[in-house]
Amino acid sequence: MDRFQEMQVFVCVAQEQGFAAAARRLNLSAASVTRAVAALEQRIGTQLLVRTTRKVHLSEAGQRYLEDCRRILAEVQDAEASAAGIHAQPRGQLSLTAPVLFGDLFVTPLLVRYLQRYPQVSINALLVDRVANMVDEGIDVAVRIGELPDSGQHSIRVGQVRRVVCAAPGFLAAHGCPQHPDDLRQAPLIAPSSTGQARHWQFNDAGRALSLRPEPRLLVSANQAAISAACLGLGLTRVLSYQVADQVAAGQLQIVLADFELPPLPIHVVYQGGRKAPARVRSFVDFAVQALREHPSLNT
């Protein structure tokens, strides 16, 4: 194998965290993959991968080398495409991440449309309710909800969402509509634990910060379960506005305590590489930014 092939094998082993899985993905023998990585480590003179009985981990040197390999391979691919006169045609694999419910409601539909438009691109979508490390996990694009740390990565704001308290109209008719966050202390509450909101619900009381520690009758691990229970009339829940936009529009849920909400949370599309990003990254970012900015549920 030449150096570029060895780098491709190394990147695949790091992503798959195993030689056998990388071999299957590359359609190579496990022995060929093992020899390629061994040759790479011997030429460089340092260990890039730490082998265990269960999986493979990157060494400290391997983590740095992985980032460089991804950049170099992307530049080579773009250079070849540009020389062939097809630079405007995105191709290759794109990796992205987004929150689970946001990804289901908004990202998946635009992924489908993007893939239909660009048949030479494949996408690996990591939908998780945690902040994935873009460098360590090889992610090209991320959708982030909330204020961004000063990471040096490129970002484009595409909208905002509110933190809202809501309940079914029938529940509010039977139990009364809360007029102040303190009223929630005695109300039946439904709390999703996946976002950490089970510990504290924050409000803005005429410029004064107000924190409520809910004691939920129902604690669930997924936001969608909390929303479903609220629609069925069990009690009040607190979620992000985009998560209940359809239910509010359909009259299944009603937002309360709007005057006590915290400032909206920004939504950003974050990506690596800037102007040097591969065509698939740049084209997807442009595609996603336009689609998300046009969505009414993300600009409340």
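How each quantity is defined
Residues numbered from 1 in each chain as written. Predicted model: local features only at pLDDT ≥ 70, side-chain atom pairs only at ≥ 80, totals over all residues. Heavy atoms only, no water. 1 Å grid on protein atoms, 1.4 Å probe; cavity = no way out; pocket = protein on both sides within 12 Å on 5 of 7 lines; lining within 4 Å. Points joined across faces, edges and corners; volume = space filled by probe spheres on them. Helix = DSSP H or I, 4+ residues; strand = E, 2+ residues; numbered from the N terminus. Nonpolar A, V, L, I, M, F, W, Y, C, P; charged D, E, K, R; others polar. Contact = heavy atoms within 4.5 Å. Domains from an automatic or database assignment. Phe/Tyr/Trp six-rings, centres within 6.5 Å; stacked < 30°, edge-to-face > 60°. Buried < 20%, exposed > 50% of the residue type's maximum accessible area, 1.4 Å probe, protein only. Lys NZ or Arg CZ within 6 Å of the ring centre and 35° of its normal.

Before going further, it helps to spend a moment on the layout of surface pockets. Put simply, the largest pocket is a space of about 1200 Å³. Lining the largest pocket are 42 residues, with Q15, R70, A74, D140 and R280 positioned closest to its centre. Counting residues per element, the ones that place at least two in the lining of the largest pocket are α1 (3-16), α2 (19-26), α4 (60-83), β3 (92-98), β4 (121-127) and α9 (279-293). Each residue belonging to the lining of the largest pocket can be placed in one class, and the counts come to 17 nonpolar, 13 polar and twelve charged.

As for its position among the elements, C69 is in helix α4. For the pair C69 and N124, spaced 55 residues apart in sequence, the C-alpha to C-alpha distance is 19 Å. Contacts of C69, omitting those with residues within four sequence positions, involve M7, F10 and V11.

Attention now moves to the domain arrangement of the protein chain. Per the domain assignment, the segments making up the protein chain are domain 1 (3-84), domain 2 (92-152 + 271-298) and domain 3 (163-260). Using only C-alpha atoms to locate each centre, domain 1 and domain 3 end up separated by 48 Å.

Here we take up the packing of aromatic side chains. Summed over the entire model, instances satisfying the criterion amount to seven aromatic pairs. Pairing F102 with F106 gives two aromatic rings, centres 4.9 Å apart and planes at 45 degrees, and the pair type is tilted. Residue F102 and its partner F106 are located together in helix α5 (residues 100-117), separated by four residues, close to a single helical turn. The pair formed by F102 and F106 is uniform in burial state, with each residue classed as buried. For the ring pair Y114 and F287, a centre distance of 5.6 Å and an interplane angle of 70 degrees mean the geometry is edge-to-face. Here the residue Y114 occupies a position in helix α5, and F287 occupies one in helix α9, the gap between them amounting to 173 residues. With relative accessibility at 0%, the residue Y114 sits in the buried group. The positively charged end of R238 is found above the aromatic ring belonging to F203, 5.1 Å away from the centroid.

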